[in-house]
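What follows is the residue order along each chain.
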Amino acid sequence: MKDQVANRTIPMKYHLYFWIAYFLFNVVRWGSYFDDYWYSFKSNLVEFPLHILVVYFNIYFLIPRFILKKKYLEYAVLFVICLGAHYVIRSGLNFWLVTEDIWPEAEGGQRPFGFNHIVAVVVGELYVVGLTSAIKFFADYIYERNQNQQLRELQYQTELKYLKSQIQPHFYFNTLNNLYALTLKKSSLASDVVLKLSEIMQYIIYDANKKKVDLIQEINYIDNYVELEKIRFGNLVDINIGISGDIDNIKVAPLIFLPFIENAFKHGLRNTNGMTLDIDFERLDGQLLFKCKNTFNANARSNNINGIGVKNVERRLDILYGNKHKLDIFDKDDTYEVLLQVPIK
């Protein structure tokens, strides 16, 4: 994979951006509340290091060691102690370093260090702790989602390479058997087979490793394969390849059609005097329809008529297209038909 899994650590600059923005917001908020921005600035300057300590102690120590391990009671006890210490230190520092009037926003004769003051300070701290915890959980969620997505992509790519590696030796095995049979007969067609095989190998080496190829390239590749089989079987096969609609600029995953055609030759010519094979590509609305229909001797039916190549391509289709493709296989009497529909952009 070209993209590496994202680093879980949030860059320091984003921490700085958050705390600067939050500090300025608090200065303006409380300064406008009692029309004393200088006091608001000084008090927030004293309080903010405590905010930062409580926040990071919570999200990097308490939550991982207690919340994520489902030790909720222990977390609650330690968090309450943390809030109590924060209140005492914050109020004391404000009283000694800023002003004795540490609760100017109080109304109705309320005094600092009383119950209402404690509640006001604790609720304010719960606000910032809750906000930062939510941000941390959201960042962790995004990280986990991206990591899982990249790991799935890596798994899919690995499996696709494995499945394609199974398809290619299977194809080479069949083609070399064809060539071997011709050389035994000292047929002049052997040179044509070598030429076609070299063209196919060029396609597989340089194009089949791409995620998508032009449909025209894939059809040319199939046509070379079919020509090889015609050389081998001669008049035993009647092959028709049809194209309907505009197929320019259509891209498809390589090597997803050939296994069905290979399968037709493998089983369609078993104990029979001939086979008819119809191959069609048709462009529909946002879809490409591939049809492969062949006749075969129903009395020589194979128990494994689908073959390993077809099973591999079914798995590849699931990985590449998920539920966006449709594959139907009809095996009736002496006819075997494959209908494959895949989305196109």
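Residues numbered from 1 in each chain as written. Predicted model: local features only at pLDDT ≥ 70, side-chain atom pairs only at ≥ 80, totals over all residues. Heavy atoms only, no water.

> Where do I start with the overall build of the chain in this structure?
When you go through the chain residue by residue, the secondary structure sums to eight helices and seven strands. When the 345 residues of the chain are sorted by exposure, 38% land in the buried category. (Helix = DSSP H or I, 4+ residues; strand = E, 2+ residues; numbered from the N terminus. Buried < 20%, exposed > 50% of the residue type's maximum accessible area, 1.4 Å probe, protein only.)

> It is not clear to me how the environment of Met 201 should be interpreted in this structure. Could you clarify?
In this fold, Met 201 is placed in helix 5 (residues 190–206). For Met 201, a relative accessible area of 33% corresponds to the partly exposed category. Separated by 29 residues in the primary sequence, Met 201 and Tyr 172 have C-alpha atoms spaced 9.1 Å apart.

> Can you walk me through the packing of aromatic side chains in this structure?
Working definition: an aromatic ring pair is given by the centre-to-centre distance plus the angle between the planes. Summed over the entire model, instances satisfying the criterion amount to 22 aromatic pairs. Both rings, one in Phe 61 and one in Phe 66, keep their centres 6.4 Å apart while their planes meet at 65°; by these two values the pair is edge-to-face. Judged by relative accessible area, Phe 66 falls into the buried class, the value being 14%. Between the aromatic rings of Phe 257 and Phe 290, the centroid separation amounts to 4.8 Å while the plane-to-plane angle is 40°, which identifies the pairing as tilted. (Phe/Tyr/Trp six-rings, centres within 6.5 Å; stacked < 30°, edge-to-face > 60°.)

> When you look at unusual backbone geometry in this model, what are you seeing that I'm missing?
Leaving glycine out, the prevailing phi sign among residues is negative, and the prevailing peptide bond configuration is trans. Although it is not a glycine, Asn 249 sits at a positive phi angle of roughly 65°. Along the chain, Asn 249 turns up in the loop between strand 2 (237–244) and strand 3 (251–252). Take Asn 249: its relative accessible area is 73%, and that puts it in the exposed class. Even without a glycine there, the phi angle at Asp 333 is positive, about 55°. Along the chain, the position of Asp 333 falls in the loop between strand 6 (326–332) and strand 7 (335–343).

> Explain the environment of Asn 323 to me, please; I cannot follow it from the model alone.
Topologically, Asn 323 is positioned in the loop between helix 8 (307–321) and strand 6. Sequence separation between Asn 323 and Val 342 is 19 residues, and the spatial gap between their C-alpha atoms is 9.8 Å.

> What's the story with the sheet that holds strand 5 (residues 287–295) in this structure? I'm lost.
The pairing of strands in a sheet comes from backbone hydrogen bonds and takes either a parallel or an antiparallel form. Here five strands make up an open sheet; going across it, the order is 2-4-5-7-6 and the pairing mixed. The open sheet is flanked by strand 2 and strand 6, the only strands paired with a single partner. On average, adjacent strands in this sheet sit at an angle of 10° to one another, irrespective of strand direction. Inspection of the sheet shows strand 4 (residues 275–284) paired to strand 5 by eight bridges, in the antiparallel sense. The residue bridging Leu 284 from the neighbouring strand is Gln 287, located in strand 5. Sheet contacts for helix 6 (residues 215–233): strand 2, strand 4 and strand 5; angle to strand 2, the most-contacted strand, approximately 170°. (Pairing = 2+ DSSP bridges. Axes fitted to C-alpha atoms, helices over the stretch in contact; angles between N-to-C directions. Contact = heavy atoms within 4.5 Å.)

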